[in-house]
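Letter by letter, the chains look like this.
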Amino acid sequence: MASEQLPSEFDVVILGTGLVESVVAAACSRVGQRVLHLDRRSYYAGKWASFTFNGLLSWIEEQSKITASEEHDWSSQLEDGEDLIGLTAGDVSQVTNLQVFNYTSEEEEQVPSLEEEAKEDEEEDEGGADQTPAGETQEEGAPSSESEVKEEINTPAQKSQPEKSKKRLTYAELLKEGRRFNIDLVSKLLYSRGALIDLLIKSNVSRYAEFKNVTRILTCRHGNIEQVPCSRSDVFSSKLLSVVEKRMLMRFLTSCLDRDTPLLYQDFAERPYLEFLQHQKLSENLQHFLIHSIAMTTPDTPTAAALAATQHFLKCLGRYGNTPFLFPLYGLGEIPQCFCRMCAVFGGIYCLRHSVHALVVDKCSSRCKAVIDSTGQRISCSHLVLEEGCFTQTAPPTRCVSRAVLITDGSVLPTEAEQQVSIVTIPSESPVRMVELCPSSMTCIPGTHLVHLTCQSVGSAFEDLSPVVNRMFRTPDSDHPEPRPEVLWCLYFNMPEGLESEGGELPPNVSVCLGPDGSLGHDGAIAQAELIFQKILPGEEFCPPGPAPEDILYQGEEPDASPAQPGEEPEASSSQPGEEPEASSSQPGEEPDTGTSNQGEEPEASSSHQGEAEASPTCKGEESETSPSQQGEEPDASSSPCTEDSDTCPNQLEDGTQG
């Protein structure tokens, strides 16, 4: 890369591959803009990234080693009437209070095999076979006493269902299987009728990813984990609610969707939501479910805002399952990479480990004319989009998020259906949101669960979240009389929600993208991306659908003069951008004349191996574009649309309602 120079002129230069930056890059490239997309890191997605376990350990080590980069004098690159604005050349860490706890054993614990246990049982049986005193006779097959009768009754059942010892995972095994983990830095879910799902469907980017339903919503109440009834069938089958409560809940939820809802709360619009629910004479049970698990707010939230959240929750139900949420297989880091792939398909150039060191500003117009990259090359551009933290004088974050990532040996609410993806709401002074992922989400290995905890920061992440971890799980610091899942490995850290201001006044053609916020959904990020796009290209359509492969013409090609006969499908080229699997004869993601992380290589579309080239996961049902290898595991290939009882999504996200 150092021996080759980039083209010297682009329409848009973007630094950072987070979700907002990646959506802007895809939208600009899709409408014909020449896009250069850079990232100073060695992996995609920035703060939105997903790491393997080994990759996460490397990331943790990097956070403690990040130092200020050397400053360069780029004044020789200036022309008359130009000025320079310096940027931070390296990756400035904004992660604080990082603490790691390893509760696995260093050596493998010896667990007796089933053959050894069976041999011991046989020896015990032989030793106690002939113990009848001399002179006494006993009928064949008859028990000698009442205690033996009980023993004969109990023994077959015990032997037919032997209790298997649970093998404890060691740290060496975690490292060995580390490639099969996909651990997100940010914990979010996709609302089935949220802005991100709508954009994925509209732009056809959803074909680059696979999704799984969040199968249940749980809450912690009185120290117990309970499942929240969401759909109509859940409400009427719930054993937590009385018949009267079920009717009251259904009546209230139905009224929330009516057009006359504002009349319902007009006297309580700015008053706490709890007061409104008490005015509606709802029971404490229902108040808890409605506040913490459906509206996902606090009791003090204004009623108007809480009811708006409740309406959004209800409108998302039933589109892809019996909860409003989806989760992308292989982690949230897949989503930014899907948009990067779309950008590359339409001509964007990608370079990792490549940064922008300075902006060249015209003194007369105060606009950014060009950038100086990390190799000292001057690149002209009409617009510049930067990730947060690029300026040397950055305002300190006003709000932070506390995060914890756990690897556990079981679920907080075990059921017969082991493959459950759950969101758990834990009421407290700073409400905690917990997302529990099972192995079928392709984020952890069989026998483990991956747990993400998030809350608004009051102190350090350890201070905010360790009491919840000790209460919900078994750790060396907890003492639970009842069985709880055990924590094998744990990470705590604080991350800023987004910086309020960046570097003072900026040139009018420079935009700064904020990092992930503390909300559950992605609406804020998508709204920010669309705002930046409209600033760059006012009046243009934001991420229009991609053309059909047969409609794309290469440079020098002429349209076919003889139109296809009615009912006859045109022949598609085998290497067209955005092609469908049936017509593909090249490797997934290979497109003509598209730039990549190393000028001509496909941008990494999988977070399962950060820093390694792998194909992006595709929608279920596609054949030629395969999902990233997960140590021999393959994602669920079911092609049937999901119903309320299913936990998988349709092959592709479609604009329709299931059930």
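Cut-offs and rules
- Residues numbered from 1 in each chain as written.
- Predicted model: local features only at pLDDT ≥ 70, side-chain atom pairs only at ≥ 80, totals over all residues.
- Heavy atoms only, no water.
- Helix = DSSP H or I, 4+ residues; strand = E, 2+ residues; numbered from the N terminus.
- Buried < 20%, exposed > 50% of the residue type's maximum accessible area, 1.4 Å probe, protein only.
- Contact = heavy atoms within 4.5 Å.
- Phe/Tyr/Trp six-rings, centres within 6.5 Å; stacked < 30°, edge-to-face > 60°.
- Lys NZ or Arg CZ within 6 Å of the ring centre and 35° of its normal.
- Axes fitted to C-alpha atoms, helices over the stretch in contact; angles between N-to-C directions.
- Parallel < 35°, antiparallel > 145°, perpendicular 65-115°, else oblique.
- Left-handed = near helix turned anticlockwise from the far one by under 90°.
- Nonpolar A, V, L, I, M, F, W, Y, C, P; charged D, E, K, R; others polar.
- Pairing = 2+ DSSP bridges.

Colleague: Help me get a handle on the environment of glutamine 528, residues and values and all.
Modeller: Locating glutamine 528 in the fold gives a position in helix H15 (residues 523–536). Glutamine 528 gets classed as buried once you look at its relative accessible area, which sits at 18%. Separated by 15 residues in the primary sequence, glutamine 528 and cysteine 513 place their C-alpha atoms 7.5 Å from one another. Setting aside anything within four residues of it in sequence, one finds glutamine 528 in contact with Val20, Val512, Cys513 and Leu514.

Colleague: Give a description of the packing of aromatic side chains that names residues and reports values.
Modeller: Scanning all chains against the criterion turns up 17 aromatic pairs. Pairing tyrosine 44 with tyrosine 350 gives two aromatic rings, centres 6.1 Å apart and planes at 45°, and the pair type is tilted. A residue pair is termed long-range when its members are at least 10 positions apart, and tyrosine 44 in the loop between strand E2 (35–39) and strand E3 (50–51) and tyrosine 350 in strand E12 (residues 349–352) qualify at 306 residues. Relative accessible area serves as the criterion here: at 1%, tyrosine 44 is assigned to the buried category. On the accessibility criterion, tyrosine 350 (1% relative accessible area) is buried. Here the aromatic rings of phenylalanine 101 and phenylalanine 462 are separated by 5.4 Å at their centres, their planes lie at 25°, and the arrangement is stacked. You can see phenylalanine 101 sitting in strand E5 (residues 96–102) and its partner phenylalanine 462 sitting in helix H14 (residues 461–472), a full 361 residues away along the chain. Grouped by ring-pair contacts, the aromatic residues Tyr43, Phe51, Trp59 and Phe493 constitute a single cluster. Here the guanidinium or amino end of arginine 30 rests over the ring plane of phenylalanine 346, the centre of that ring lying 5.1 Å away.

Colleague: Can you tell me about the packing of helix H1 (residues 19–30) against H15, naming the residues and giving the values?
Modeller: Running from N to C, H1 and H15 point in directions that differ by 40°, and their axes come no closer than 9 Å. Considered as vectors, H1 and H15 are oriented oblique to each other. Read as a crossing pair, H1 and H15 show a hand that is right-handed. Contacts between H1 and H15 pair Leu19, Val20, Val23, Val24, Ala27 and Cys28 from the former with Ala525, Ile526, Gln528, Ala529, Ile532, Phe533 and Ile536 from the latter. When its residues are assigned to classes, the contact of H1 with H15 shows 12 nonpolar, one polar and no charged.

Colleague: Quick rundown of the sheet that holds strand E9 (residues 216–221)? Include the residues and the values.
Modeller: Pairing in this open sheet of eight strands is mixed, and the strands run E5-E20-E16-E19-E18-E17-E9-E10 from one edge to the other. Both outer strands of the open sheet, E5 and strand E10 (224–227), are each paired with one neighbouring strand and no more. Along the sheet, successive strands turn relative to each other by an average axial angle of 20°, direction set aside. One ladder, built from nine bridges, connects strand E16 (residues 400–408) with strand E20 (residues 487–496); its direction is antiparallel. Its bridge partner being in E20, threonine 408 is matched across the sheet by valine 487. Of the strands in this sheet, E5, E16 and E20 are in contact with helix H2 (residues 53–65), which crosses E20 at around 45°. The sheet strands contacting H14 are E5, E9, E10, E16, strand E17 (422–426), strand E18 (432–437), strand E19 (449–456) and E20, and the helix crosses E20 at an angle near 150°.

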